[in-house]
Amino acid sequence: MFKKKHKVKPASALRNSECRKFRAEVTQVFNLEQPTVEPAPDGEAPLSIGAELVPDGLHTSKFTTNTGDVNGLVYLDPTTGDPLWFAIGKNTKQVLIPTVYTLWKRRFLVSLSTPGPAIERIQDGADLMIPG
């Protein structure tokens, strides 16, 4: 009759070996080339794409939804605590999902295309929507 509350366990730091493994998994899943380098903010040494998406010292936290049928991990930025990734499912059948925050900060992950006729409508003030 009453729904259970969702559960989120406290965050803990990911070991360096697990962080490297997760970085390799993200690079493979999103077909990113390993040697690609982007300029770093503040004029520091450039970071690889993998290091940009999965920073060193990443934190992770387990969660369960209120229905109890979805379990997963949330990966958090070590400095700000912002969510970067969700991994839903069990070990070998995990699905990696970037958060909107990750897509906003790292726009090269997903590219969207809009048909020409829709551009005219958007410029007139209409909302961007997709069928379905």
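Residues numbered from 1 in each chain as written. Predicted model: local features only at pLDDT ≥ 70, side-chain atom pairs only at ≥ 80, totals over all residues. Heavy atoms only, no water.

- The name given to the chain in an unreviewed UniProt entry is Pre-PUA domain-containing protein, and the organism recorded there is Tulasnella calospora MUT 4182.

### Considering the overall build of the chain
Argument step 1. Helix and strand counts for the chain stand at four helices and eight strands.
Argument step 2. When its helices and strands are written in sequence order, the chain yields β-β-α-β-β-α-β-β-β-β-α-α.
Argument step 3. Looking at the chain as a whole, 25% of its 132 residues qualify as buried.
Argument step 4. Considering only contacts within the chain whose residues lie at least 6 apart along the sequence, 42% involve residues at least 24 apart.
Argument step 5. Working note: accessible area of the chain is about 10000 Å², and carbon and sulfur atoms make up 56% of it. (Helix = DSSP H or I, 4+ residues; strand = E, 2+ residues; numbered from the N terminus. Buried < 20%, exposed > 50% of the residue type's maximum accessible area, 1.4 Å probe, protein only. Contact = heavy atoms within 4.5 Å. Areas by Shrake-Rupley, 256 points an atom, 1.4 Å probe, with all protein chains shown as cover.)

### As for the side chain of T99
Argument step 1. Along the chain, the position of T99 falls in the loop between β8 (95-98) and α3 (100-105).
Argument step 2. Here the side chain of T99 touches P83 through a polar contact of 2.9 Å, landing on its backbone oxygen. (Polar contact = N/O pair within 3.5 Å; in protein donor to acceptor, adjacent residues only side chain to side chain.)

### A look at the packing of aromatic side chains
Argument step 1. This model, assessed by the stated rule, comprises four aromatic pairs.
Argument step 2. Among the aromatic side chains, those forming a connected cluster through ring pairs are F22, Y75 and W85. (Phe/Tyr/Trp six-rings, centres within 6.5 Å; stacked < 30°, edge-to-face > 60°.)

### Quick word on the pattern of salt bridges
Argument step 1. Under the criterion given, the structure shown has two salt bridges.
Argument step 2. A salt bridge links R15 to E18; the nearest nitrogen and oxygen atoms lie 3.2 Å apart.
Argument step 3. For R15, a relative accessible area of 54% translates into the label exposed.
Argument step 4. We classify E18 as partly exposed; its relative accessible area is 32%. (Salt bridge = Lys/Arg side-chain N within 4 Å of Asp/Glu carboxyl O.)

### Things to note about the confidence of the model for the chain
Argument step 1. Per-residue pLDDT for the chain averages 77, and the proportion of residues at 70 or more is 75%.
Argument step 2. Mean pLDDT in the chain bottoms out at strand β3 (residues 37-38), which sits at 54, and peaks at strand β7 (residues 83-88), which reaches 88. (pLDDT = per-residue confidence, 0-100.)

### A few points about the nonpolar core
Argument step 1. Formed by 16 residues in total, the largest nonpolar core has its most connected members in F22, V26, L53, V54, L58, Y75 and W85.
Argument step 2. Taken together, the elements giving at least two residues each to this core come down to α1 (16-29), α2 (49-53), β6 (71-76) and β7.
Argument step 3. With residues up to four places along the chain from it excluded, the contact list for F22 reads V54, L58, Y75, W85 and L96. (Core = buried A, V, L, I, M, F, W, Y, C linked by side-chain atoms within 4.5 Å.)

### So, the pairing of strand β5 (residues 59-64)
Argument step 1. Of the pairings in the sheet, the one linking strand β2 (residues 12-13) to β5 comprises two bridges and is antiparallel in character. Bridged to S12 within β5 is T60.
Argument step 2. Where β5 lies against β6, six bridges are found, and the strand directions are antiparallel. Bridging from a neighbouring strand, F63 pairs with G72 of β6. (Pairing = 2+ DSSP bridges.)

### Focus on helix α4 (residues 116-123)
Argument step 1. With zero of its eight residues buried, α4 lies for the most part at the surface.
Argument step 2. Where α4 terminates, the next one or two residues include G125, which has phi positive at roughly 110°.

### Side note on the environment of R20
Argument step 1. Inspection of the secondary structure assignment puts R20 in helix α1.
Argument step 2. As for R20 and V54, which are separated by 34 residues in sequence, their C-alpha atoms are 8.5 Å apart.

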